[in-house]
Amino acid sequence: MKTQRLTSSRRDIAHAADLLRGGKLVAFPTETVYGLGADVTNDQAVSRIYSVKNRPSFNPLIVHVYVKNAAVDFVEFNPAAELLADRFWPGPLTLLLPQKKSAHISQRVASQSSTVGIRVPSHPVAQSLLQAFGGAVAAPSANLSGCLSPTTVEHVLSGLSNRIDAVVDGGPCRVGIESTIIGFKDNRAIIVRHGGIALDTLEAALNADLTANEKLPASIAPGQLPRHYAPDCPLRINARERRSGEVYLGFGSQDGDRNLSPNGNLTEASSHLFAELHALNSLGKPIAVAPIPNQGLGIAINDRLKRASAPKTE
Ligand code: TXA
Ligand code: MG
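All of the points below concern the structure found in this document. (Residues numbered from 1 in each chain as written. Chains lettered and ligands numbered in written order. Predicted model: local features only at pLDDT ≥ 70, side-chain atom pairs only at ≥ 80, totals over all residues. Heavy atoms only, no water.)

**Concerning the site of ligand 1**
Around ligand 1, a shell composed of 26 residues is seen, among which Thr32, Asn59, His64, Thr115 and Ser179 lie nearest. A distance of 3.0 Å separates a nitrogen atom of ligand 1 from a polar atom in the side chain of Ser113. Interatomic distance of 2.5 Å between a side-chain N/O atom of Ser179 and an oxygen atom of ligand 1. Compared with its free state, where it exposes 670 Å², ligand 1 has 97% of that area covered by protein. The pocket occupied by ligand 1, as judged from atoms lying within 2 Å of grid points, is the largest cavity. Of all elements in the fold, only β4 (62-64) and β6 (115-119) reach the threshold of two or more residues within the shell around ligand 1. Split by residue class, the shell around ligand 1 holds 11 nonpolar, 11 polar and 4 charged. (Near = heavy atom within 4 Å. Polar contact = N/O pair within 3.5 Å; in protein donor to acceptor, adjacent residues only side chain to side chain. Areas by Shrake-Rupley, 256 points an atom, 1.4 Å probe, with all protein chains shown as cover. 1 Å grid on protein atoms, 1.4 Å probe; cavity = no way out; pocket = protein on both sides within 12 Å on 5 of 7 lines; lining within 4 Å. Sits in = over half its atoms within 2 Å of the grid points. Helix = DSSP H or I, 4+ residues; strand = E, 2+ residues; numbered from the N terminus. Nonpolar A, V, L, I, M, F, W, Y, C, P; charged D, E, K, R; others polar.)

**What about the packing of helix α1 (residues 10-21) against helix α6 (residues 124-133)?**
Direction vectors running N to C along α1 and α6 enclose 55°, while the axes themselves pass 8 Å from each other. By the angle class used here, α1 and α6 are oblique. In this structure, α1 meets α6 at a crossing whose hand is right-handed. For the pair formed by α1 and α6, the contact residues are Ile13, Ala16, Ala17, Leu20 and Arg21 on the first element and Val125, Ser128, Leu129, Ala132 and Phe133 on the second. (Axes fitted to C-alpha atoms, helices over the stretch in contact; angles between N-to-C directions. Parallel < 35°, antiparallel > 145°, perpendicular 65-115°, else oblique. Left-handed = near helix turned anticlockwise from the far one by under 90°. Contact = heavy atoms within 4.5 Å.)

**Notes on the packing of helix α4 (residues 79-88) against helix α8 (residues 199-206)**
The contact between α4 and α8 brings their axes to 10 Å, and the two run at 120°. Relative to α8, the element α4 is oriented oblique. Handedness of the α4/α8 crossing: right-handed. For the pair formed by α4 and α8, the contact residues are Ala80, Leu83, Leu84, Arg87 and Phe88 on the first element and Thr201, Leu202, Ala205 and Leu206 on the second.

**Some remarks on the pattern of salt bridges**
Where charged atoms from two side chains of opposite charge come close, those side chains can pair. Tallied over the full model, the rule gives 15 salt bridges. A salt bridge links Glu31 to Arg119, with the nearest nitrogen and oxygen atoms 2.8 Å apart. One end of the pair, Glu31, is in the loop between β2 (26-28) and β3 (35-39); the other, Arg119, is in strand β6, with 88 residues separating them in the sequence. Since its relative accessible area comes to 2%, Glu31 is described here as buried. For Glu178, the salt bridge is made with Arg304, and the minimal N-O distance between the two is 2.9 Å. (Salt bridge = Lys/Arg side-chain N within 4 Å of Asp/Glu carboxyl O. Buried < 20%, exposed > 50% of the residue type's maximum accessible area, 1.4 Å probe, protein only.)

**Thoughts on the sheet that holds strand β11 (residues 235-236)**
Strands sit in the order β11-β14-β12-β13 across an open sheet of 4 strands; the sheet is parallel. The open sheet has two edge strands with one neighbour each: β11 and β13 (258-259). Across the sheet, helix α9 (residues 266-281) touches β11, β12 (247-250), β13 and β14 (287-289), and the angle it forms with β12 is around 170°. (Pairing = 2+ DSSP bridges.)

**Examining the environment of Glu268**
You can see Glu268 is positioned in helix α9. The class of Glu268 is partly exposed, set by a relative accessible area of 29%. It is 9.0 Å that separates the C-alpha atoms of Glu268 and Arg174, two residues lying 94 residues apart in sequence.

**Overview of α6**
Those residues of α6 lying buried are Val125, Ala126, Gln127, Leu129, Leu130 and Phe133. At the C-terminal side of α6, Gly134 shows a positive phi close to 80°.

**Brief notes about the nonpolar core**
Membership of the largest hydrophobic core comes to 54 residues, with the highest contact counts inside it found for Leu95 and Ile182. Ignoring any residue separated from it by four or fewer positions in sequence, one finds Leu95 in contact with Phe77, Ala81, Leu84, Ala85, Trp89, Val116, Gly117, Ile118, Ile182 and Phe184. Of all hydrophobic cores here, the second largest spans 29 residues; its members include Tyr229, Ala239, Leu273 and Leu280. (Core = buried A, V, L, I, M, F, W, Y, C linked by side-chain atoms within 4.5 Å.)

**Let's talk about the environment of Asn187**
Tracing the sequence through the fold places Asn187 in the loop between β9 (180-185) and β10 (188-193). For Asn187, a relative accessible area of 48% gives the class partly exposed. Between the alpha carbons of Asn187 and Phe77 there is a distance of 9.5 Å; along the sequence they are 110 residues apart. Discounting chain neighbours no more than four positions away, the residues touching Asn187 are Asn78 and Ala80.

What follows is the structure, encoded as structure tokens:
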């Protein structure tokens with residue numbers, strides 16, 4: 001199969017929506033990372049997402065809808081979830097909520113999870129595609145499981161070329177790291193994955209401390225694997241200097257071969273994180289990354305870097 005490369009023109013978006021209706025896999029831009037989309041109602045299409053990504057079958061997929069009013073067809077909201085959705089959608093926030101009995105979703109989307117992950121992306125191309133399609137789209141990040149996440153069409157094609165039906169080009173992703181995932185225990189919000197909305201911003205919105213994700217059981221966070229988001233080359237984190245043979249990714253005044261943000265801006269650093277790692281990975285040398293302050297979006301960046309640097313298990 002040859003992967004069709006589509007633009008964000010009206011005609012191409014209509015074609016991409018037709019492909020989704022026909023059970024095909026279409027990668028598309030969101031404000032966080034590129035997603036690999038399939039019709040949520042189509043078992044075969046959803047199953048193909050797992051096979052083309054080599055994704056473990058226990059790892060559920062996020063459902064994407066264009067507006068909160070479409071989300072209520074699929075999941076039961078609680079008051080904290082309502083508040084978060086009203087404040088942060090469309091945007092980089094995923095909510096894990098109980099599936100409605102009436103919801104028409106392939107069982108493979110939630111896998112063995114008792115909840116469904118759902119979000120409303122803000123990227124204009126994701127919005128147009130979801131509206132043209134008229135339904136919900138299941139989409140993990142459009143990369144091979146465990147590898148660096150894709151923030152450009154080139155990244156998508158580097159992993160999935162000729163394994164998926166099409167990719168829609170929406171340019172580089174603005175946020176650059178995945179959505180923050182929030183689950184609920186007794187209707188209280190818990191952070192399952194740090195991401196594009198900083199912890200302190202969420203805590204301010206909820207006027208509460210959010211329980212940290214460190215000790216969540218696999219039943220709540222099946223996808224939080226120790227090694228993930230990883231380049232092929234070894235990665236060393238919190239590196240204060242470059243060792244011989246390494247390429248060095250700097251931050252702020254800690255400069256290197258490349259710099260995530262010369263001004264030490266964490267929003268800029270998140271936006272460039274995966275693109276820089278893809279670029280350095282292609283040089284084929286071990287990568288060292290400067291310390292990133294563990295605050296604001298730095299918490300999500302450090303989460304990605306820590307997993308990217310974890311040893312391979314096989
Ligand atoms: O920003 C994002 O969230 C991107 C874009 C494409 O929307 N998507 C994304 O999907 O990052 P993925 O599959 O790469 O990561 C989704 C994470 C996985 O760790 C998965 O385990 C978790 O979300 N997840 C999805 N549904 C879940 C559920 N029902 N229960 C628990 N975890 C869930
Ligand atoms: Mg992913």
